[in-house]
There are 2 protein chains.
Amino acid sequence: MKTKVIGKGVPKIDSVAKATGEATYTVDMKLPRMLYGKILRSDHPHAKIRSIDISQAEALEGVHAVITAKDVPQNKFAFFQWQADKTILCEDKVRYVGDEVAAVAAVDEDTATKALELLVVDYEPLPAVFDPAEAMKPSAPLIHDKEKNVAFRVERLFGDPDKAFKECDHICEGDYVTDKVPHCCLEVSNTIAKWDPGPDGYLTIWVNSQAPHTQRQEVARILGIPRRQVRIINSVMGGGFGSKLVMDMKVPIAAILSRKTGRPVKIVNSRSEEFSTAKTRYGYRVYVKTGAKKDGRLWAREMRVVADNGAYNDKGPATLNFSSMMFATLYNIPHIKYEGMMVYTNKQMGTAFRGFGNPQCSFACESQLDELAARLGMDPLELRLLNANQPDQVTSCGSEITSCGMRECMEASAKAAGWKEKRKARRRLHGIGMANLVHTGGGGRFYGYNSAEAFIKLAEDGSVSLITSALDMGQGAHTVMAQIAAEELGVTTDAIQVISNDTAVTPYDLGSWGSRTTFMNGNAVLAAARDAKKEIIGVASEMMEVEPGQIVLEDGMVFARGAKDKYTLTEVADYAFNKRGRLLSGKGQYTNMLPPGLGIAEAFVKNIPTFAFGTQMAEVEIDEETGEVKVLKLVSANETGRTLNATLAEGQVEGMVVQGIGYALMEKMVLENGKVINDGFLDFKMPNIGDIPEIETVLVETHDPEGPFGAKGIGESGLVPTAAAIANAIYDACGVRVRELPIDPERLLEAIRG
Amino acid sequence: MKTKVIGKGVPKIDSVAKATGEATYTVDMKLPRMLYGKILRSDHPHAKIRSIDISQAEALEGVHAVITAKDVPQNKFAFFQWQADKTILCEDKVRYVGDEVAAVAAVDEDTATKALELLVVDYEPLPAVFDPAEAMKPSAPLIHDKEKNVAFRVERLFGDPDKAFKECDHICEGDYVTDKVPHCCLEVSNTIAKWDPGPDGYLTIWVNSQAPHTQRQEVARILGIPRRQVRIINSVMGGGFGSKLVMDMKVPIAAILSRKTGRPVKIVNSRSEEFSTAKTRYGYRVYVKTGAKKDGRLWAREMRVVADNGAYNDKGPATLNFSSMMFATLYNIPHIKYEGMMVYTNKQMGTAFRGFGNPQCSFACESQLDELAARLGMDPLELRLLNANQPDQVTSCGSEITSCGMRECMEASAKAAGWKEKRKARRRLHGIGMANLVHTGGGGRFYGYNSAEAFIKLAEDGSVSLITSALDMGQGAHTVMAQIAAEELGVTTDAIQVISNDTAVTPYDLGSWGSRTTFMNGNAVLAAARDAKKEIIGVASEMMEVEPGQIVLEDGMVFARGAKDKYTLTEVADYAFNKRGRLLSGKGQYTNMLPPGLGIAEAFVKNIPTFAFGTQMAEVEIDEETGEVKVLKLVSANETGRTLNATLAEGQVEGMVVQGIGYALMEKMVLENGKVINDGFLDFKMPNIGDIPEIETVLVETHDPEGPFGAKGIGESGLVPTAAAIANAIYDACGVRVRELPIDPERLLEAIRG
């Protein structure tokens, strides 16, 4: 399909405002009479609270409120209500260093900080456990009032793996370890709550949520008030990566402080708080076993995950579940077994993080596939091509693959990376490695419901407001939504104003996560634009006295095919307005539900509306003396379905690759007795400009039958295979297999020497 | 029609927030990096600007920008573009004390004020003219580069009045004078402008406009930028009364200061600025002549208006035109002649003010009708009943009267006021007087276009957002809109969140003025609610497996007639969401256009979609020594069509009556050489609590065929007849006819003594 706006590298519509610093983030906001809140957090990993003395803090001038557990509802919370285990403030026990114990609201931040220092908590320390394997032992201290520390367990079985392994000619098995890592958003977690007076007063919350509508439910749920009383407003976002998906306790804390003081209350994490108490990616210990026939066909695979939940559930179960889906779908293996366990520890919680359980398992699986290739004496690329998924295929685990560019991604990246030549070259301490990925390209249908809706409103001058719940975290979602509307309405993106920030205004939506925005919201925007276009054409048809079917919208003009007279969209809107007394608008919805009546196992496999594939190839050089790995070049071939905006897609991929390199080689939280000691950007090593290699991005277009203009989401996929590709390249360079992340100089040196 | 929410005295939905001070007005807002603007205004009523020296002001620390005429576009502006005569800042000449000459933006208000003091303007004073009659003389100084000071002239002729007057048995004629009065909103005029960087950067303006969408056009027009670049956001409003309808120059001034400084800029009128430079009600000198047959039938009427435009046009022509419509329609008089002239003077501008040219003319006409009654020896009530308009009647001037409660209003107020008894009693210095009114009950179709639109969005929990452009200035429009939606959806108003503040979000609308909100927006909201209801019923029909026609929405429940099972709206929304993958919404439009192809004269008479009638009766007591008039009781019978909310309707009427009493007896701007010297609430006398009599409001229901639930607007009508009713009561009390407002003690004493 020939397009005018779709496929163009349109710059982000908010780029000037962000580049000039004019963009207003929530942290920049100041409401009249606003107070500043601070949270007293536990400095014990595990302890009983004997008592809290708030008298001195309350007496401090400028302090408006001090709250402890007895001032807040004792409802429990997690992303899934049936997993709820965390209260707003700890009543009798703290479970990690950072757990919320009390909070204050004061006239300024200094006073609030001083008030925290005046709070006296009498703790009785309890034995703590930090390693999930330790926590599973019967002797381990129990973190919750439950029988054991295993919070959640998931099992999947397809085919007969036990029998199948016996039929294999080659089997590899091993343990692979990844640890918790933080999201490191440039914008720290923060909120402003304003609770209007009166029993039914609206609670308005400014918080940069990736899912304002579900956060509205969460806030209502934990506070025990009707959802309709809660309104969530998003400002400009400075990164999300999953960290801003599930409600943070500072939101209900700010709300209660606001209700108590009758004033708006703002709470902003310090960077140290962000590092040491905010949620992280889940750390996984993964046992994988892969069996193949002698020709290289993968025949059976088994995975056992022990995941570090941290002290509370948050998004743990969903993550573990998603891991199993991607594990089972990457290659079409007839026999699959998966067991995952999410285990409580006395550490900060895990949550969603770009890739959502997939990078951990992919590191394991795609590392092991190279081990298997070595065993088989096959080129890793050949092995993967042999086992690649095909379009229009139902895998043995039941995943319905529609469009699929897995083979094309491998071929394109091999070409771009010079795979064959470089594998042959066999230079000492210089290697090339690869890894594949599969990820959802359209979210997941976890709720039964999976829909999106959008409104389009033309003003009297034909200018367009697009009301969508697609959230822009910096990835450019608003730009892509504007492109979709602009394409359909035959205008440019600067004619479109995107409104997307307010649960009272924008339609209900699951939020921007799980690579669902382009696919789901994009389809809804497309539907709304088509509806508006129909109205425009209807009026233009009356105006020009031609059949609706003859009318075209293009380059900001409305005209009949073959006719000389062309009208601007403004003129048509003006005609509608002044001659027909009407405004033009559109309303669109896209639904992609799970079929009704599915059992859990069936629902599991039909959960993903479309899959996106990809391949990465990393070329590395190793310093034998220091153990340092230098990534020379990274080729990332990502399937986009159809590329809606190459500039933004490449930006996404580059960002993900850099995040993947950090995950592979550097990022490591150092804890002492449960306390993060590298709690700032000076001490926590993540990639800086000098660590970033040449990145070559190849966007592989396949055209998804359900995606808007054929597109699928690629907001997470580029992070998934990077660690394995680098680990495989290290093996290629020096014959050393490191099965634990990060592969930092210390660890690699040890492996080389060992 | 039986209703559950309509007709109930539902409290204003924002009453708690306002009563507790939690409501955030624009003046309360503070944006990051915001600067404070101040405007240097002329202190001459008429002068040439020889030069402006800005060097000292620019050099002052903390000053970020100083602008004069050369920094701003020289586009001219008025409400109607063909009347445009005012630039943003004066280039060569100032035309009234208060005319905008220069502006500054600084870090705080004090610095901005200091900077103003450092601006040196070299003026060459010109002769000034303050009285419209003087200004019409050939010798008068010309205020604009035009042939004369008459800015606009309107003539209307129906029948043959010259001949008809000869056929009359009785004729009264006389001059009646009213002066300019200020609106006295508690919230002064203020704005914040934020112009994003870049050539196409959005200009966002927070300003409490009664017509944000037309203000968007005005701002774009005067700045010479496309409308789509401008976004207007309203906060809570502290009164409008017409003063916040047409753009104030502080808006483009703040915009240009923002563009120049790259920061948001706030400008707030001081109270003194508000009194001495803001726009006012137009002062009218009205000559009226009324002729009747000996039986009391009104046969011919003529009016000549000379109106004080002030220095620029603003809303003058429209006001003059509206006066003629109401003059011609109040009674069905066969022969009518009207001439109006809007004359420039060197005084602050006039603009829209509740009643819009009707109170001035009504004071004249309804005073004169009592003079005629005396001449005829008829009771004023009898005379008015004899000449009353009837329902479903086309008047001689062509006004299409549909519903009409004129007779009922007279009868109801006579009963409530004890008219007959009190007229008979004839106590010395104690009198009762009456006056009738007609006003539009549904706006005017001035633009060809007269439409409104609304959206309704249900969230997944069934909570309702109503997106409407109905503006709440304090009159309770949001509450009434919520009632209309609630009634249709079978819920209570607290289930409805009203969104109404943002041109990028809410549909285009002409604004809240001209008594159009309840009628126009109410109809649009009703249409949107019906659309949403259809969707709800559609889903409920699937859910319950019954015919849609059987389903009822009532008391927050959705159920089939006769069935036992009832579902909450939340349950139905949840079913739609989880079982049908959809959200529920509605979109509604109401159009009431002028028929196409009308000539000016025809358009004139068809301009009003519905008329509202009313009667007031005032009982007064006069102090012969001091000249003071004490209003003992005021009965106001107002036709509501159908009363949607009696509490709010009564509140409107009471507010208007008080404003009418101020207009009748107190309010007077004292000018010296064009400068207002009573420029604060200490010096400007308006009614305070001690001046307010017993007010008895009678709401007369007629059921308008076009109004939502039969309603029409009553936001202005109660102010229209008050002055005449009081003047007639004064005449009844002491036999003295005062034909000039205000009838303050000085003027009355003079009349009594003269």
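Because the structure is predicted, anything quoted here is derived from the model rather than measured.

Engineer: How do you make sense of the pairing of strand 19 (residues 451-458) of chain B when you look at a structure like this?
Structural biologist: In summary, the side chains of a regular strand alternate between the two faces of the sheet. Residues and elements named next belong to chain B. Within strand 19, eight of the eight residues are buried, which leaves it mostly tucked inside the rest of the structure. Sheet topology places strand 19 next to strand 25 (residues 585-591); seven bridges connect them, and they run antiparallel. Bridging from a neighbouring strand, A452 pairs with Y590 of strand 25. With five bridges connecting them, strand 19 and strand 20 (residues 464-468) associate as antiparallel partners. In the strand pairing of strand 20, I456 is matched with L466. Counting the residues that bridge the hairpin from strand 19 to strand 20 gives five residues, and of these G462 lies at a positive phi of roughly 85°.

Engineer: Could you clarify how one ought to interpret the relation of the copies chain B and chain A in this entry?
Structural biologist: Think of it as a corkscrew move, a rotation about one axis and a shift along it, taking one chain copy to the other. Relative to chain A, chain B is turned by 180° and slid 0.1 Å along the rotation axis, the superposed coordinates differing by an RMSD of 0.1 Å. Those values place the two copies in the arrangement expected of a two-fold rotation axis. Relative to the rotation axis, the C-alpha of K30 of chain B is the closest in chain B, positioned 3.2 Å from it. Here 98% of the interface residues in chain B have copies in chain A that are interface residues too; the copies meet face to matching face.

Engineer: When you look at the packing of helix 14 (residues 477-489) of chain B against helix 15 (residues 517-544) of chain B in this model, what are you seeing that I'm missing?
Structural biologist: When two helices pack together, their arrangement is given by the angle between the helix axes and by the axis-to-axis distance. Residue and element names in this part refer to chain B. Running from N to C, helix 14 and helix 15 cross one another at 30°; their axes reach a closest spacing of 8 Å. Classified by the angle between their axes, helix 14 and helix 15 sit roughly parallel to one another. The two elements helix 14 and helix 15 meet at a crossing, and its hand is right-handed. Facing A477, V480, M481, I484, A485, E488 and L489 of helix 14, the residues of helix 15 in contact are T517, T518, N521, G522, V525, L526, A529, R530, A532, K533 and I536.

Engineer: When you look at the state of the cysteines in this model, what are you seeing that I'm missing?
Structural biologist: One covalent bond between the sulfur atoms of two cysteine residues makes up a disulfide. For the coordinates displayed, the defined rule picks out zero disulfides over all chains. Unpaired in this structure, C397 of chain A has its nearest cysteine sulfur neighbour in C365 of chain A, at a distance of 13 Å. With no disulfide of its own, C185 of chain B lies 8.0 Å from the sulfur of C184 of chain B, the closest cysteine sulfur. Judged by relative accessible area, C185 of chain B falls into the buried class, the value being 1%.

Engineer: In this structure, what is going on with the interface of chain B and chain A? I would like to understand it.
Structural biologist: Listed by partner, the interface residues are 61 residues for chain B and 60 residues for chain A. For the pair chain B and chain A, the two sides together bury roughly 5,100 Å², of which 51% comes from carbon and sulfur. Here chain B is connected to chain A by twelve salt bridges. Of the charged contacts, one joins E460 of chain A and R216 of chain B as a salt bridge, the two residues approaching to 3.5 Å between their closest N and O atoms. Applying the counting criterion to the chain B and chain A interface returns 26 residue pairs in polar contact (both at pLDDT 80 or more). Residue assignment for the side of chain B that touches chain A shows that the elements contributing at least two residues are helix 6 (212-223), strand 19, strand 20, strand 21 (496-499), helix 15, helix 16 (569-579) and strand 25 of chain B. The element that contributes the greatest number of residues to the side of chain B that touches chain A is strand 25 of chain B, accounting for five residues. Partitioned by chemical class, the residues of the side of chain B that touches chain A number 19 nonpolar, 20 polar and 22 charged.

Engineer: It is not clear to me how the domain arrangement of chain A should be interpreted in this structure. Could you clarify?
Structural biologist: The extent of an interface is frequently quoted as the accessible surface area lost upon association of the parts. Residues and elements named next belong to chain A. The domains assigned to chain A are domain 1 (15-22 + 449-593), domain 2 (31-126 + 186-239 + 244-277) and domain 3 (283-444 + 600-753). Averaged C-alpha coordinates put domain 1 and domain 2 at centres separated by 39 Å. Opposite the 19 residues of domain 1 that make contact, domain 2 presents 18 residues. Three residues stand out in domain 1 for area buried against domain 2, namely M473, T503 and Y508, and they jointly supply 40% of the buried area on that side. Residue R231 is joined to D502 by a salt bridge in which the shortest nitrogen-to-oxygen separation is 2.6 Å.

Engineer: Explain the sheet that holds strand 1 (residues 35-41) of chain B here, please?
Structural biologist: All names here are of chain B. The strand order across the open sheet built from seven strands is 3-5-1-12-9-10-11, with neighbouring strands paired in mixed fashion. Strand pairing shows two members of the sheet lacking a second neighbour, strand 3 (63-67) and strand 11 (230-233), which therefore form its edges. Pairs of neighbouring strands in the sheet enclose a mean axial angle of 20°, with direction left out of account. For strand 10 (residues 203-207) and strand 11, the ladder comprises four bridges, and the chain directions are parallel. The residue of strand 11 that forms the bridge with T204 is R231.

Engineer: Can you walk me through the sheet that holds strand 1 (residues 35-41) of chain A in this structure?
Structural biologist: Residue and element names in this part refer to chain A. Across the sheet, seven strands lie side by side as 3-5-1-12-9-10-11; this open sheet has mixed pairing. The open sheet has two free edges, formed respectively by strand 3 (63-67) and strand 11 (230-233), since each of these has just one partner strand. Shown here is a sheet whose adjacent strand axes are inclined to one another by a mean of 20°, direction ignored. Relative to strand 5 (residues 100-106), strand 1 runs antiparallel, the two being bridged by six bridges. The partner of Y36 across the bridge, within strand 5, is A106. Sitting on the sheet, helix 6 (residues 212-223) is in contact with strand 9 (190-195), strand 10 (203-207) and strand 11, with an inclination near 140° to strand 11. Across the sheet, helix 7 (residues 250-261) lies against strand 1, strand 3, strand 5, strand 9, strand 10 and strand 12 (265-268), angled at about 35° from strand 9, the strand it touches most.

Engineer: I tried to follow the pattern of salt bridges on my own but got confused; where do I start?
Structural biologist: Pairing between side chains becomes possible if they bear opposite charge and their charged atoms approach one another. Residue and element names in this part refer to chain A. The final tally for this structure, using the stated rule, is 102 salt bridges over all chains. A salt bridge links K633 to E696; its shortest N-O distance comes to 2.8 Å. Taken together, the residues K633 in strand 27 (residues 629-641) and E696 in strand 30 (residues 694-701) connect sequence positions 63 residues apart. E696 gets classed as partly exposed once you look at its relative accessible area, which sits at 27%. Counted as one network, the salt bridges with shared partners bring together R41, K86, D99, E100 and E273.

Cut-offs and rules
- Residues numbered from 1 in each chain as written.
- Chains lettered and ligands numbered in written order.
- Predicted model: local features only at pLDDT ≥ 70, side-chain atom pairs only at ≥ 80, totals over all residues.
- Heavy atoms only, no water.
- Buried < 20%, exposed > 50% of the residue type's maximum accessible area, 1.4 Å probe, protein only.
- Helix = DSSP H or I, 4+ residues; strand = E, 2+ residues; numbered from the N terminus.
- Pairing = 2+ DSSP bridges.
- Least-squares fit on C-alpha atoms with pLDDT ≥ 70 in both.
- Contact = heavy atoms within 4.5 Å.
- Axes fitted to C-alpha atoms, helices over the stretch in contact; angles between N-to-C directions.
- Parallel < 35°, antiparallel > 145°, perpendicular 65-115°, else oblique.
- Left-handed = near helix turned anticlockwise from the far one by under 90°.
- Disulfide = S-S within 2.5 Å.
- Buried area = accessible area lost by both parts, 1.4 Å probe.
- Salt bridge = Lys/Arg side-chain N within 4 Å of Asp/Glu carboxyl O.
- Polar contact = N/O pair within 3.5 Å; in protein donor to acceptor, adjacent residues only side chain to side chain.
- Nonpolar A, V, L, I, M, F, W, Y, C, P; charged D, E, K, R; others polar.
- Domains from an automatic or database assignment.

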